[in-house]
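So the chains spell out like this:
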Amino acid sequence: MTSSLTLLQARRIALEAQGLARERPTNTPGTREVGRILAQLQLLQIDSVNVLSRSHYLPLFARLGPYDRTLLDRLSSRAPRRLVEYWAHEASLVLPELFPYLVSTQSRKWASASSLPTEVRQVLSNRILELLSASRPLTAAEVQDRIGHSEQKRTGQWGWNWSSAKRVLEDLFQQGLISSAGRTAQFERRYALTEKVMPDPALANLDIPPADAYLHLTERAARALGIGTTRCLADYFRIPVKAATTAVHVLVQRGTLIPVSVATWKQPAYRYAGSVLPRAATGRALLSPFDSLVFERRRLESLFGFHYRIEIYTPAEKRTYGYYVLPFLLRDCMAARVDLKADRAQGQLLVRAAHGEPSMPADTAVELAAELVLMAGWLGLDEVIVEPRGNLSAQLAAQMAEEYAGN
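Under an unreviewed UniProt entry, the name given to the protein is Crosslink repair DNA glycosylase YcaQ family protein, and the organism recorded is Arthrobacter vasquezii.

Asks: Where do I start with the confidence of the model for the protein in this structure?
Replies: Segments scoring low in pLDDT should not have their predicted coordinates read at a detailed level. With 96% of its residues at a pLDDT of 70 or more, the protein shows a mean pLDDT of 94. Here residues 155-160 is modelled with pLDDT under 50, and outside its nearest four sequence neighbours on either side it reaches five contacts, counting other chains as well.

Asks: Would you explain the packing of aromatic side chains in this entry?
Replies: In this description, an aromatic ring pair is defined by two values, namely the gap between the centres and the angle between the planes. Tallying each qualifying case throughout the model produces seven aromatic pairs. Seen in terms of ring centroids, phenylalanine 61 and tryptophan 378 are 4.5 Å apart; in terms of plane orientation they differ by 15 degrees. Their pairing is stacked. Remark: tryptophan 378 occurs in helix α14 (residues 364-378) and phenylalanine 61 occurs in helix α3 (residues 58-64); sequence separation between them is 317 residues. Residue classification places tryptophan 378 among the buried residues on the basis of a relative accessible area of 8%. Ring centres 5.6 Å apart and planes at 35 degrees place the aromatic pair tyrosine 86 and phenylalanine 173 in the tilted group. Of this pair, tyrosine 86 sits in strand β3 (residues 84-87) while phenylalanine 173 is found in helix α8 (residues 164-175), placing the two residues 87 residues apart along the sequence. As far as the burial class goes, tyrosine 86 and phenylalanine 173 line up, both buried. A network of ring pairs unites the aromatic residues Phe61, Tyr67 and Trp378 as a single cluster. A cation over a ring is seen here: arginine 183 above phenylalanine 187, with NZ or CZ 4.4 Å from the ring centre. Lying over the aromatic face of tyrosine 321, arginine 337 brings its terminal NZ or CZ to 4.1 Å of the ring centre.

Asks: What's the story with the environment of lysine 341 in this structure? I'm lost.
Replies: Relative to the elements of secondary structure, lysine 341 occurs in strand β12 (residues 333-343). According to the relative accessible area criterion, lysine 341 is partly exposed, its value standing at 31%. Residues lysine 341 and valine 351 lie 10 residues apart in sequence; the distance between their C-alpha atoms is 6.7 Å. Discounting residues that sit within four places of it in the chain, lysine 341 has contacts with Val51, Gln348, Leu349, Leu350 and Arg352.

Asks: Where do I start with the pattern of salt bridges in this structure?
Replies: One pass over the structure, following the stated rule, counts 20 salt bridges. The partner of aspartate 235 in a salt bridge is arginine 238, with the nearest N and O atoms 3.1 Å apart. We classify aspartate 235 as buried; its relative accessible area is 15%. The exposure class assigned to arginine 238 is partly exposed, which follows from its relative accessible area of 33%. In this structure, glutamate 387 and arginine 389 form a salt bridge, with 2.4 Å as the shortest nitrogen-oxygen distance.

Calculation notes
Residues numbered from 1 in each chain as written. Predicted model: local features only at pLDDT ≥ 70, side-chain atom pairs only at ≥ 80, totals over all residues. Heavy atoms only, no water. pLDDT = per-residue confidence, 0-100. Contact = heavy atoms within 4.5 Å. Phe/Tyr/Trp six-rings, centres within 6.5 Å; stacked < 30°, edge-to-face > 60°. Helix = DSSP H or I, 4+ residues; strand = E, 2+ residues; numbered from the N terminus. Buried < 20%, exposed > 50% of the residue type's maximum accessible area, 1.4 Å probe, protein only. Lys NZ or Arg CZ within 6 Å of the ring centre and 35° of its normal. Salt bridge = Lys/Arg side-chain N within 4 Å of Asp/Glu carboxyl O.

If you want it as structure tokens, here you go:
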């Protein structure tokens, strides 16, 4: 039996599941609040771009408001860790209990050492594992120096000029034999044996059959998303659609997933049985390009009518909206998008461009201005500067002037 949902109902289920349907708590967020959001999302995607803030910090701000970022650092880099790094949607901080399920399902061939001669790979693997078994966590450069490995740096393949030692490190990381004990200020992994990183060393060696892992990850994805198609559920942890299809069938039989039809959706959808449909969505948030609500761009467009693509790798003259563009969620509407940059030297949050959506609510500029002031304060910046690009920029600049005049 398939039940029917309006598009607005589907939106609110999705927002509630992702912790974005309600106004933020007024108290200062602590470990308990951060832990609650982490339990909802399951993962925080990592990215090296730091034009605004490292991406893994932004989802918690979107849901909790100004929180102490060192709290997240402690949870992911000090024992007993509440988050560990591994491949999930992409490179991500994940709940430790997910690690054994991910190891048996994730594969990134580009990050492997399969192109190296077998003997070279084996020798380097043995030397690295022996080193890390007796040392503190080490960066790739420190590992290479300690094992005395050197080779002429290649000049081709910009951005991927990894040494053989680095390739073997990434291969061992993918196998789950070594992990990241945290990141340096330069965003380099500090490698350590996985059993030394896990809060429970048994997680490092737990062998989960792939079929069981796919089933578990699909259920976790459904819980985090609230509602979605099979493709949406597969994308959350980047598992094969075929495996997710099999898992969805089992979860429907168990009553964990409920088949639903959503107005305007062409594909069958599934609602997590424990999901909640709030009467209204009252929150607002600036969403990182790597936020879990916007992972699957087709789902985002189907839910909100919001076409979104990140343009970091697009030449500047061909960009439509800007370099680092954050969608602005206002209640149950993707109201606008802003291209943001933190000018730390000048103490300014720069709005390089501000574009409103055709269906944006009348109070979009007011709410966005307040959100930008909040974000600037969280980032330790003194003021927000709105540059004259985009159809919302003039209105937003005027509202910012009122914000500062009122303070």
